[in-house]
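If you want the building blocks of each chain, they are given just below.
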Amino acid sequence: MPISLSVIKNKLDNHIGQPILVTAQAGRRKVTERHGILRETYPAVFVVELDGESAKFERVSYSYTDILTQNIAVDFE
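Residues numbered from 1 in each chain as written. Predicted model: local features only at pLDDT ≥ 70, side-chain atom pairs only at ≥ 80, totals over all residues. Heavy atoms only, no water.

Enquirer: So, the overall build of the protein chain: which residues are in play, and what are the values?
Expert: Helix and strand counts for the protein chain stand at two helices and five strands. Sequence-ordered secondary structure for the protein chain, helices as α and strands as β, is α-β-β-β-β-α-β. Taking 77 residues into account, the globule formula puts the C-alpha radius of gyration at 11 Å, and the protein chain, at 12 Å, falls close to it. Here the C-alpha coordinates of the protein chain stretch approximately 35 × 30 × 20 Å along the principal axes. For the protein chain, buried positions account for 25% of its 77 residues. Pairs at least 24 apart in sequence give 40% of the contacts found in the protein chain among residues at least 6 apart. Surface exposure of the protein chain reaches about 5,300 Å², of which carbon and sulfur atoms provide 50%. Here the protein chain contributes 9 positive and 10 negative side-chain charges, whose respective centroids are spaced 9 Å apart. (Helix = DSSP H or I, 4+ residues; strand = E, 2+ residues; numbered from the N terminus. Rg over C-alpha atoms; globule rule 2.2 N^0.38 Å. Buried < 20%, exposed > 50% of the residue type's maximum accessible area, 1.4 Å probe, protein only. Contact = heavy atoms within 4.5 Å. Areas by Shrake-Rupley, 256 points an atom, 1.4 Å probe, with all protein chains shown as cover. Lys, Arg positive; Asp, Glu negative; His and termini not counted. Charge placed at Lys NZ, Arg CZ, Asp CG, Glu CD.)

Structural data, given as structure tokens:
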């Protein structure tokens, strides 16, 4: 597990433009999975452009803190 936010950001920077699967905790025993492309990274958040057909909205952003606290899991396809 990464130990700092800068390490997480650097790892995501290496995967910009690649397909990504984000698994997020959505509440009690509920998990959501979103497929998309990692588009941009900013100092505090990263942006995923979702698949147009399967999503209600086009883009979603997540915080690096979500990865650090294991609220979301990121896998590259």
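Having seen the structure, we can now continue with the description.
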